[in-house]
Amino acid sequence: MTAKTAVTPTGHATPPAKFSHGVRKGNILQVAGQVGFLPTKDGQPPAVAGPTLREQTVQTLANVQAVLEAGGASWEDVVMLRVYLTDTEHFAEMNALYDAHFASLQGSPPARTTVYVGLPKGLLIEIDALAVLD
Amino acid sequence: MTAKTAVTPTGHATPPAKFSHGVRKGNILQVAGQVGFLPTKDGQPPAVAGPTLREQTVQTLANVQAVLEAGGASWEDVVMLRVYLTDTEHFAEMNALYDAHFASLQGSPPARTTVYVGLPKGLLIEIDALAVLD
Amino acid sequence: MTAKTAVTPTGHATPPAKFSHGVRKGNILQVAGQVGFLPTKDGQPPAVAGPTLREQTVQTLANVQAVLEAGGASWEDVVMLRVYLTDTEHFAEMNALYDAHFASLQGSPPARTTVYVGLPKGLLIEIDALAVLD
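**So, the relation of the copies chain B and chain A**
Here comes step 1: Rotating chain B by 120° and moving it 0.0 Å along the rotation axis overlays it on chain A with an RMSD of 0.0 Å. Taken together, the turn and the small shift mark the pair as related by a three-fold rotation axis. Ranked by how close their C-alpha atoms come to the rotation axis, the residues of chain B are headed by Val117(B), at 3.2 Å.
Here comes step 2: Taken together, the interface assignments show that only 16% of the residues at the interface of chain B recur at the interface of chain A, consistent with different surfaces on the two copies.

**Quick word on the relation of the copies chain B and chain C**
Here comes step 1: Between chain B and chain C, which share one sequence, the superposing operator has a rotation angle of 120° and an axial displacement of 0.0 Å; the RMSD is 0.0 Å.
Here comes step 2: Each copy contacts the other with its own distinct surface, as only 18% of the interface residues of chain B are interface residues in chain C too.

**Quick notes on the packing of aromatic side chains**
Residue and element names in this part refer to chain C.
Here comes step 1: Scanning all chains against the criterion turns up 6 aromatic pairs over all chains.
Here comes step 2: Where tryptophan 75 meets phenylalanine 102, the ring centres are 4.9 Å apart and the plane angle is 85°; that geometry is what we call edge-to-face. Of this pair, tryptophan 75 sits in the loop between helix H1 (53-70) and strand S4 (78-85) while phenylalanine 102 sits in the loop between helix H2 (91-101) and strand S5 (111-116), placing them 27 residues apart in sequence. Of the two residues examined, tryptophan 75 and phenylalanine 102, each falls in the buried class.

**Focus on the packing of helix H1 (residues 53-70) of chain A against helix H2 (residues 91-101) of chain A**
Between two packed helices, the angle of one axis relative to the other and the distance separating the axes together describe the packing.
Residue and element names in this part refer to chain A.
Here comes step 1: Look at H1 against H2: their axes get within 10 Å of each other, and the N-to-C directions meet at 40°. For the element pair H1 / H2, the angle class is oblique. By crossing handedness, the relation of H1 to H2 is classed as right-handed. Taking contact as the criterion, the partners of Leu53, Arg54, Thr57, Val58, Leu61 and Gln65 in H1 are, on H2, Glu93, Met94, Leu97 and His101.
Here comes step 2: The residue makeup of the contact of H1 with H2, split by class, is 5 nonpolar, 3 polar and 2 charged.

How each quantity is defined
Residues numbered from 1 in each chain as written. Chains lettered and ligands numbered in written order. Predicted model: local features only at pLDDT ≥ 70, side-chain atom pairs only at ≥ 80, totals over all residues. Heavy atoms only, no water. Least-squares fit on C-alpha atoms with pLDDT ≥ 70 in both. Contact = heavy atoms within 4.5 Å. Phe/Tyr/Trp six-rings, centres within 6.5 Å; stacked < 30°, edge-to-face > 60°. Helix = DSSP H or I, 4+ residues; strand = E, 2+ residues; numbered from the N terminus. Buried < 20%, exposed > 50% of the residue type's maximum accessible area, 1.4 Å probe, protein only. Axes fitted to C-alpha atoms, helices over the stretch in contact; angles between N-to-C directions. Parallel < 35°, antiparallel > 145°, perpendicular 65-115°, else oblique. Left-handed = near helix turned anticlockwise from the far one by under 90°. Nonpolar A, V, L, I, M, F, W, Y, C, P; charged D, E, K, R; others polar.

What follows is the structure, given as structure tokens:
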């Protein structure tokens, strides 16, 4: 049987239910939906990086990256990012921040789907990722 | 070529279009979006387990599990669950039901993304799953 | 390390950000969210196939297929399609078009999840796909 291991970055807020921030099984590393929570100390409630799309997008990408790195992966391994926004008016700004984040990416950029959904109050963006490893 | 096989649990309502409740190809088992439909007899229209989030969440998780089991898998193989709710006010109750469902899970819990979307009238929750097998 | 390669069909509109229309890594081919854009010439802004669900669904499925084919895959390799609609009233018509599209599919149909979200103005449907190859 292929072992399944949870990936839990240091400083990530404890999930609000029994799920893992990341899971590795076989060649697949799945990153759970990340939002703009700042690194937290054990027992502290999570705090959002800020009210703006910019602050939350930067922090959300950092949080996805932290899960990837804790799982021994990098952006180069990611095949898909799912971006959830709450407002179609945010698309252009998110894309600019996204492109800045990936400006130094060496390999092919991941695929992506962006859709507009509801998120918990105060959250403007959520991102999850699928990575394929060796 | 890696063979692809459909996974069709006994009692699952016939899909409303040409898709499979589950598909296995290579090391991947993908479970289609499941909702709170009760097991049905051939030819009967699907009936929802009940109007409440509790009834639908319990039934939806049972339906995902039925696809996993029909595909020779279990929750231990699942790396990702996507939970679609219609109302942010349902998050806490869904999480409580979710945690109860997974209380006896031995291995690492799957990753998860929860977003708030529209669903067909009367449905409050939909869940799909990605599993990795040997 | 497993190589990652971008899949870029001829005539596909340049993505609005640094992402790939398709990515192949290991046994996984991920198709990014496709919409009803007509094939375009380099430098031209993308144009939607038409305002109707029918026009956009047919074109969106063609666009997914183009990515699959550019990646050396076919519908037979697809394990999951995610269909994003904007209106629950579109479900029946989309299903009819979907079934017509897949009428000649030889193997097991992919799994599918359909949810109702917001999309950019003028777009009625978006579809992404996960394929498993040898």
